Amino acid sequence: MIAANVWLLFLLKLRMPAAAVAELAFLSLYVAWAAGRGPPQKLRATRADYFRVRSLSRTQWFWGVIAAVSFAATIHAALAFLFRLVPFPAAAFHRGYDFSFIGSSSMQWLACIVSALSAGVCEETGFRGYMQRPIEHRHGPIVAILISSVLFTLLHLTKDWALVGMVPIVFGAGVLLGTLARASGTLVFCMLGHWIMDIGLFAYWWTQIAGTFSQRPIFEVGVDLFFITECGAFALALSLTFMAIGRLRRLS
């Protein structure tokens, strides 16, 4: 997980776009080592196992991509649902994510994309790979998914946006990602889903360069068409996620 902090150093010291190039090079080396390449040779098989290295069929790719996209949509729909029940604390979500020091809007977007990639790769390698996988071997998948999800939640509770209502969303995200990793036998789809989710989080909810959530809670404006649509989107996205995970489990 230390690797997740390298991007911040690049961003502050090198600035964009050099920071993005450096981070992509770093992540390439990081993934290669975590997947079993490089020294020490005696731990290569263990690292490959923890990284869940395996070949994938076209059908697995199809359902894996559906699971990843549906997962990201589920989390964003859950956020929209939450902030129709309670007011959206825009200032708290933005605190610590001010990209105004990056000159152009295109570079701010690139920074969001690379920030999301860094978090997706490093957190999935850490939580769903190197933490969850060995616990699966010793105590089974249910215990492993619960432990990795609890610690995933605790890590994110240090953020200013970690309201009480965010706890079940973060924990639920951890459970879905852990289940996806177990069912598919790979971290690829977890990383993809996490990356897509975090692009939206960075660009819209945190840095707010893509806009700010402006809908009012239903206790102020009542149940409207937007709220009904958001509930429907959440139910549909979650159902698709479960369906895709089920297909992947059977294929594996």
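From a predicted model like this one, the values you see are computed outputs, not experimental measurements.

What follows deals with the packing of helix α1 (residues 6-13) against helix α2 (residues 18-34). The description of two helices packed together rests on the angle between their axes and the distance between the axes. One can describe the packing of α1 onto α2 by two numbers: an axis separation of 8 Å at closest approach and a directional angle of 155°. As far as their axial angle goes, α2 and α1 are roughly antiparallel. Where α1 crosses over α2, the two elements pack in a sense that is right-handed. In this structure, α1 uses V6, W7, F10 and L11 to contact α2, whose residues at the interface are A19, A20, A22, E23 and F26. Among the residues making up the contact of α1 with α2, the classes are represented as 8 nonpolar, no polar and 1 charged.

Helix α9 (residues 188-206) packs onto helix α6 (residues 105-139) with a crossing angle of 140° between their chain directions and a minimal axis gap of 8 Å. Judged by the inter-axis angle, α6 sits oblique to α9. Once α6 is placed against α9, the crossing between them reads as right-handed.

What follows is about the side chain of S70. By the element assignment, S70 lies in helix α4 (residues 58-85). One polar contact links the side chain of S70 to the main-chain carbonyl oxygen of I66, over a distance of 2.8 Å. Those residues in contact with S70 that lie beyond four places of it in its chain are A237, L240 and T241.

Turning to the environment of F99, a few remarks are in order. As for its placement among the helices and strands, F99 is situated in the loop between α5 (90-94) and α6. What makes F99 buried here is its relative accessible area of 9%.

One side chain can pair with another of opposite charge once the charged atoms of both are near each other. Tallied over the entire structure, the rule returns 9 salt bridges. D224 is the partner of R84 in a salt bridge, and the nearest nitrogen-oxygen pair spans 3.0 Å. With a gap of 140 residues between them, R84 in helix α4 and D224 in the loop between α10 (218-221) and α11 (225-251) connect regions that are remote in the sequence. Between E136 and R133 there is a salt bridge, with the nearest N and O atoms lying 3.1 Å from each other.

One can find V221 in helix α10. Accessibility expressed as a relative area gives 47% for V221, which makes it partly exposed. It is 50 Å that separates the C-alpha atoms of V221 and V53, two residues lying 168 residues apart in sequence. Setting aside chain neighbours within four positions, we find V221 in contact with R84 and R216.

Attention shifts here to the side chain of S115. Its location among the elements puts S115 in helix α6. Within the structure, the side chain of S115 is placed 2.7 Å from the side chain of W7, a separation counted as a polar contact. Apart from residues no more than four positions distant in its own chain, S115 is found in contact with W7, F99 and F202.

Rules used in this analysis
Residues numbered from 1 in each chain as written. Predicted model: local features only at pLDDT ≥ 70, side-chain atom pairs only at ≥ 80, totals over all residues. Heavy atoms only, no water. Axes fitted to C-alpha atoms, helices over the stretch in contact; angles between N-to-C directions. Helix = DSSP H or I, 4+ residues; strand = E, 2+ residues; numbered from the N terminus. Parallel < 35°, antiparallel > 145°, perpendicular 65-115°, else oblique. Left-handed = near helix turned anticlockwise from the far one by under 90°. Contact = heavy atoms within 4.5 Å. Nonpolar A, V, L, I, M, F, W, Y, C, P; charged D, E, K, R; others polar. Polar contact = N/O pair within 3.5 Å; in protein donor to acceptor, adjacent residues only side chain to side chain. Buried < 20%, exposed > 50% of the residue type's maximum accessible area, 1.4 Å probe, protein only. Salt bridge = Lys/Arg side-chain N within 4 Å of Asp/Glu carboxyl O.

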